[in-house]
Amino acid sequence: MGTSTLERLRFPTSLSTSGLSTQRLMECCKLIEYKTYLQALPYFDRLDYVSMMCNEQAYSLAVEKLLNIQAPPRAQWIRVLYGEMTRILNHIMGITTHALDIGAMTPFFWMFEEREKMFEFYERVSGARMHAAYVRPGGVHQVCRPKCKPFQSRIVLVDMLTNNRIWRNRTVDIGVIGAEDALNYGFSGVMLRGSGIKWDLRKSQPYDKYDEVDFDVAVGSNGDCYDRYLCRVEEMRQSLRIMLQCLNKMPAGEIKVDDAKIAPPKRSEMKTSMESLIHHFKLYTEGYQVPPGATYTAVEAPKGEFGVYLVSDGSSRPYRCKIKAPGFAHLAGLDQMSKGHMLADVVAIIGKFLSH
Amino acid sequence: MAASLVRFVRNGFGRSLNATVRPKDPVTHTQLSEFGEYIAEILPKYVQQVQVTCFNELELMIHPEGIIPVLTFLKDHTNAQFHNMTDLTAVDVPTRQYRFEIVYNLLSLRYNSRIRVKTYTDELSPLDSSVPVHQAADWYEREIWDMFGVFFANHPDLRRILTDYGFEGHPFRKDFPLSGYVEVRYDDEVKRVVAEPVELAQEFRKFDLNSPWEAFPAYHKRKSLHSEFLFGLLLASEDWLLPQ
């Protein structure tokens, strides 16, 4: 096959941010085998550390599939709401740091203030600004009362890039990949949509309450960095639309599954009832046992299709947990996408998929 | 206390009232089973077992020599069209004769469905690389080689991808310890990074969480049947619901 452009330049993958992230992924896979299912949850926060609740959602859905349960309706709506908030967080981070890599400093500064506001929402619901460990198998962890409307986000600030001459010069016709090639290289998410394939797991294989919300899927036509950027900006607008619908449609109700063998009891119950105390103890030490089986569950994370291949052997620890990170396949396709481009374009291309 | 009593009564009287249990989708289940049978009829030489899990995931167990034919069929046949290789992993089950189970997860955009293809190998037998069929397999196979030690024949560039440059061993194998064998540190005397045997400050705590009660007694009874099959760890029937 011959050495790729990358090898000739001695571009060590292990040193790029993406490489470090995939390495973290692999270490997590091994660590998860030694933890119970609940203890393994915070690893998912930290894998793609800017789309926390989406990763947790993928893992929770996988475990719920093996346990043969489903979260109550309110928990599903909360998951959708926070999933979309996470999508906005991730896209802000992705676009503005990409712009920063290319040379535009202003969007980064201005939009990170919006991220701070969203971190406040995270903190109010879970106690932690970033790594929430909030979405758990069985529902969500604590009660959430989203009373405030989401701010009408100043996405127009990011729009300052859309018609900017320098931005267009740096991203139009850069990193072009065709639809067939994108599928062959195992791309997913925005990388496919930028090349014209209308594929969104929230529409085609809906999970939680995505089949009850109304939103559009942004699809590009050229398959270059600029189209993918436009897709992401449009996805942010659609996420806002979804969040508004969630707030309007959210029912009252419980937020954890009813089964006391899976969802731990509330602390007030634990302090008064003997059975709750025992359940609490058993769940936080040994954990719940998951029936033997294997599942591959994927969600539409902001970076692409985030999948969890979970193998259970009937004990309270996962036997094997393989995490399919979208960025791994995208980074593998970097060689193909950057052929014929200049070195500075590699920065633009990597920024456009921000593999994690 | 009263709440738990109500829950018990509700569970006792009928699971149809219980919103906790995942709803079943028998239509998709039949569609997938029929499709699985269809594939098994077309490729009888390589397909050894087909199963559909109770949560509607189709799994195809094949002989290792059939990797390229089956994947090509699944990619190119008009009724399959699994153009996207979503994931390629391995699972290490040391108790089996062929300890590594290689798992291909494929996605068909045309038919909006997924399929899982599983095959097996041991430490020494090489498998055919599926890079000619799906370019995505390139890095995934490198990862499996690095982490498990499964060799892929005819791979364009099979070398380590995640471990350090001089690393020895295959970390994801079950006999490789979590802390590893060596640790690295910067040695000021020789002015470079050196690798030394690992010294843990605290002994690694592994709790024995095996409960004296059997959580899934039905699995134990069935184990004697399944142990004959190469894929005896995983089950596909609908009996594996929550213990009531």
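Residues numbered from 1 in each chain as written. Chains lettered and ligands numbered in written order. Predicted model: local features only at pLDDT ≥ 70, side-chain atom pairs only at ≥ 80, totals over all residues. Heavy atoms only, no water.

Draft legend 1. Focus on the overall build of chain B. On a plain count of helices and strands, chain B comes out with five helices and nine strands. The 244 residues of chain B split such that 45% are buried. Taking all contacts inside chain B whose residues are at least 6 apart in sequence as the whole, residues at least 24 apart take part in 47%. Surface accessibility of chain B: about 13,600 Å² in total, with carbon and sulfur atoms responsible for 55%. (Helix = DSSP H or I, 4+ residues; strand = E, 2+ residues; numbered from the N terminus. Buried < 20%, exposed > 50% of the residue type's maximum accessible area, 1.4 Å probe, protein only. Contact = heavy atoms within 4.5 Å. Areas by Shrake-Rupley, 256 points an atom, 1.4 Å probe, with all protein chains shown as cover.)

Draft legend 2. Region of the structure containing the confidence of the model for chain A. Residue and element names in this part refer to chain A. Averaged over every residue, the pLDDT of chain A is 86; residues scoring 70 or more account for 89%. At the low end of the mean pLDDT range in chain A sits helix α1 (residues 5-8), at 34; at the high end sits helix α10 (residues 201-204), at 96. Per-residue pLDDT stays below 50 along residues 1-20; that stretch engages in 22 contacts with residues further than four places along the chain or on separate chains. (pLDDT = per-residue confidence, 0-100.)

Draft legend 3. Spatial organisation of the pairing of strand β5 (residues 318-324) of chain A. Residues and elements named next belong to chain A. Here β5 lies mainly inside the structure; seven of its seven residues are buried. Where strand β4 (residues 304-312) lies against β5, six bridges are found, and the strand directions are antiparallel. Each bridged residue has a counterpart across the sheet, and for Val-308 the counterpart in β5 is Ile-323. Between the end of β4 and the start of β5, which pair antiparallel, lie five residues, with Gly-314 showing a positive phi angle near 95°. (Pairing = 2+ DSSP bridges.)

Draft legend 4. Here's a closer look at the interface of chain B and chain A. Chain B puts 72 residues into the contact, and the matching count from chain A is 64 residues. Both sides of the chain B and chain A interface together cover about 5,800 Å² of buried area, and 59% of this is carbon and sulfur. Taken as a group, Arg-22, Trp-139 and Leu-209 of chain B account for 12% of the area that chain B buries against chain A, more than any other trio of residues on that side. There are four salt bridges connecting chain B and chain A. Where Lys-65 of chain A meets Glu-57 of chain B, a salt bridge forms, and the shortest distance between an N and an O atom there is 2.9 Å. Linking chain B with chain A are 22 residue pairs in polar contact (both at pLDDT 80 or more). At the level of secondary structure, the elements contributing two or more residues to the side of chain B that touches chain A comprise α1 (2-13), β3 (84-92), β4 (100-108), β5 (113-121) and α4 (137-148) of chain B. The residue makeup of the side of chain B that touches chain A, split by class, is 40 nonpolar, 13 polar and 19 charged. (Buried area = accessible area lost by both parts, 1.4 Å probe. Salt bridge = Lys/Arg side-chain N within 4 Å of Asp/Glu carboxyl O. Polar contact = N/O pair within 3.5 Å; in protein donor to acceptor, adjacent residues only side chain to side chain. Nonpolar A, V, L, I, M, F, W, Y, C, P; charged D, E, K, R; others polar.)

Draft legend 5. Seen up close, the packing of aromatic side chains. According to the stated counting rule, one finds 23 aromatic pairs over all chains in the structure shown. Ring centres of Tyr-210 of chain A and Phe-215 of chain A lie 6.3 Å apart, and the angle between their planes is 70°; this geometry places the pair in the edge-to-face category. In this structure Tyr-210 of chain A comes out as buried when scored by relative accessible area, which is 3%. Linked through ring pairs, Phe-44, Tyr-59 and Phe-306 of chain A together constitute an aromatic cluster. Taking the ring centre of Tyr-111 of chain B as reference, the NZ or CZ of Arg-110 of chain B above it sits at 4.9 Å. Between Lys-174 of chain B and the ring centre of Tyr-319 of chain A, over which it is positioned, the NZ or CZ distance is 4.0 Å. (Phe/Tyr/Trp six-rings, centres within 6.5 Å; stacked < 30°, edge-to-face > 60°. Lys NZ or Arg CZ within 6 Å of the ring centre and 35° of its normal.)

Draft legend 6. Representation of helix α2 (residues 26-42) of chain B within the structure. Residues and elements named next belong to chain B. For α2, spanning 17 residues, the distance from its first C-alpha to its last is 24 Å, which sits close to the expected 24 Å at 1.5 Å a residue. Residues His-29, Leu-32, Phe-35, Gly-36 and Ile-39 constitute the buried set of α2. Seen along its axis, α2 keeps its buried residues to an arc of 135°; they face one direction. When the buried face of α2 is taken as reference, the exposed residues oriented beyond 90 degrees from it are Pro-26, Val-27, Gln-31, Glu-34, Glu-37 and Glu-41. Looking at the packing, one finds that the buried side of α2 touches β1 (47-52), β2 (58-62), α3 (67-76) and β5. (Expected span 1.5 Å × (residues − 1). Arc of directions from axis to C-beta.)

Draft legend 7. Spatial organisation of the UniProt feature "domain: NADH:ubiquinone oxidoreductase 30kDa subunit" (unreviewed entry) in chain B. UniProt records the feature "domain: NADH:ubiquinone oxidoreductase 30kDa subunit" (unreviewed entry) for residues 61-181 of chain B in the present numbering. Taken as a whole, residues 61-181 of chain B contains 18% helix and 27% strand, while its terminal C-alpha atoms sit 35 Å from one another. (UniProt positions renumbered as here; feature names shortened; annotations may be inferred.)

Draft legend 8. Spotlight on the sheet that holds strand β3 (residues 293-301) of chain A. Residue and element names in this part refer to chain A. In space, the three strands of this open sheet follow the order β3-β4-β5, with antiparallel pairing throughout. Strands at the two margins of the open sheet, each flanked by one partner only, are β3 and β5. Within the sheet, the average angular offset between the axes of one strand and its neighbour, ignoring direction, is 15°. Pairing between β3 and β4: nine bridges, direction antiparallel. Directly across from Gly-293, in β4, lies its bridge partner Ser-312. (Axes fitted to C-alpha atoms, helices over the stretch in contact; angles between N-to-C directions.)

Draft legend 9. Structural view of the confidence of the model for chain B. Residue and element names in this part refer to chain B. Averaged over every residue, the pLDDT of chain B is 84; the share at 70 or more is 82%. When the criterion is pLDDT under 50, residues 1-16 qualifies, and its contacts beyond four places in sequence or with other chains add up to 10 contacts. Contacts for the low-pLDDT stretch residues 224-244, under 50 throughout, to residues beyond four places or in other chains number 55 contacts. Taken over the whole predicted complex, pTM reads 0.88, whereas the ipTM for its chain interfaces reads 0.88.

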